[in-house]
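One-letter residues, chain by chain:
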Amino acid sequence: QLQLVESGGGLVQPGGSLRLSCATSGFTLDSYCIGWVRQAPGKEREGVGCMFSSDGSSDGSTEYADSVKGRFTISRDNAKNTVYLQMNSLKPEDTAVYYCALDHAFCWTRHPDEYDHYGQGTQVTVSS
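Residue numbers run consecutively from 1 along every chain, following the written order of its sequence. Only residues with pLDDT of at least 70 are given local features in this predicted model, and only at 80 or more are side-chain atom pairs given and counted; all residues enter the totals for whole chains, interfaces and linings. Only hydrogens and water are set aside when side-chain values are computed; all heavy atoms of the structure are taken into account.

*Asks:* Looking at this structure, how should I read the pairing of strand β11 (residues 122-126)?
*Replies:* In the case of a regular strand, side chains alternate between the two sheet surfaces. The classification of residues rests on relative accessible area computed with a 1.4 Å probe and restricted to protein chains. Under 20% of the type maximum is buried, over 50% is exposed, and intermediate values are partly exposed. Counting from the N terminus, the helices are the DSSP runs of H or I reaching at least four residues and the strands are the DSSP runs of E reaching at least two. With burial as the criterion, only one face of β11 is covered, namely that bearing T122, V124 and V126; the residues Q123 and T125 on the opposite face remain uncovered. Two elements, strand β2 (residues 10-12) and β11, share 3 bridges in a ladder whose sense is parallel. When the bridges of β11 are listed, G10 appears paired with V124. Bridge count for strand β9 (residues 96-103) against β11 is 3 bridges, and the pairing is antiparallel. Note that in β11 the partner of A96 across the bridge is V124. Two strands make a pair as long as DSSP finds a minimum of two bridges between them.

*Asks:* What's the story with the sheet that holds strand β1 (residues 3-7) in this structure? I'm lost.
*Replies:* Think of a sheet as strands paired side by side through backbone hydrogen bonds, with each pair either parallel or antiparallel. Strand order in the open sheet formed by 4 strands is β1-β3-β8-β7, with antiparallel pairing between adjacent strands. Edge positions in the sheet fall to β1 and β7 (72-77), since each has one partner strand and no second. Here the average twist between neighbouring strands, direction ignored, is 20 degrees. Pairing of strand β3 (residues 18-25) with strand β8 (residues 82-87) involves 6 bridges; the strand directions are antiparallel. In the strand pairing of β8, C22 is matched with V83. With axes taken as lines fitted to C-alpha atoms, and helix axes fitted only over the stretch in contact, angles between N-to-C directions fall between 0 and 180 degrees.

Structure, rendered in structure tokens:
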């Protein structure tokens, strides 16, 4: 059974850092595109970034939304079946519930509602 379980959220001051984890099971991680999306209260879901598959159909490269480019980094540990979102220089506007998301073929950073599966989310609050 396919599962995505996020962890690592919390309260952090502006300018601080957090690393989110997405533990996966039920599929071969490097054969899928893994994205991160977020949703703030009263706002639409927003794509944060995505890592393409690295099994030969794609090259494992990453893409990011302009709002987080240069501050957020996605990485993957296939041995641990885990995907990470390293978030640096956090801003109050980064406050949201963060979800990891899975697609068999595409990264949907610009269309974050199109992923095949989503985790349950983890809350990130950036506040002094």
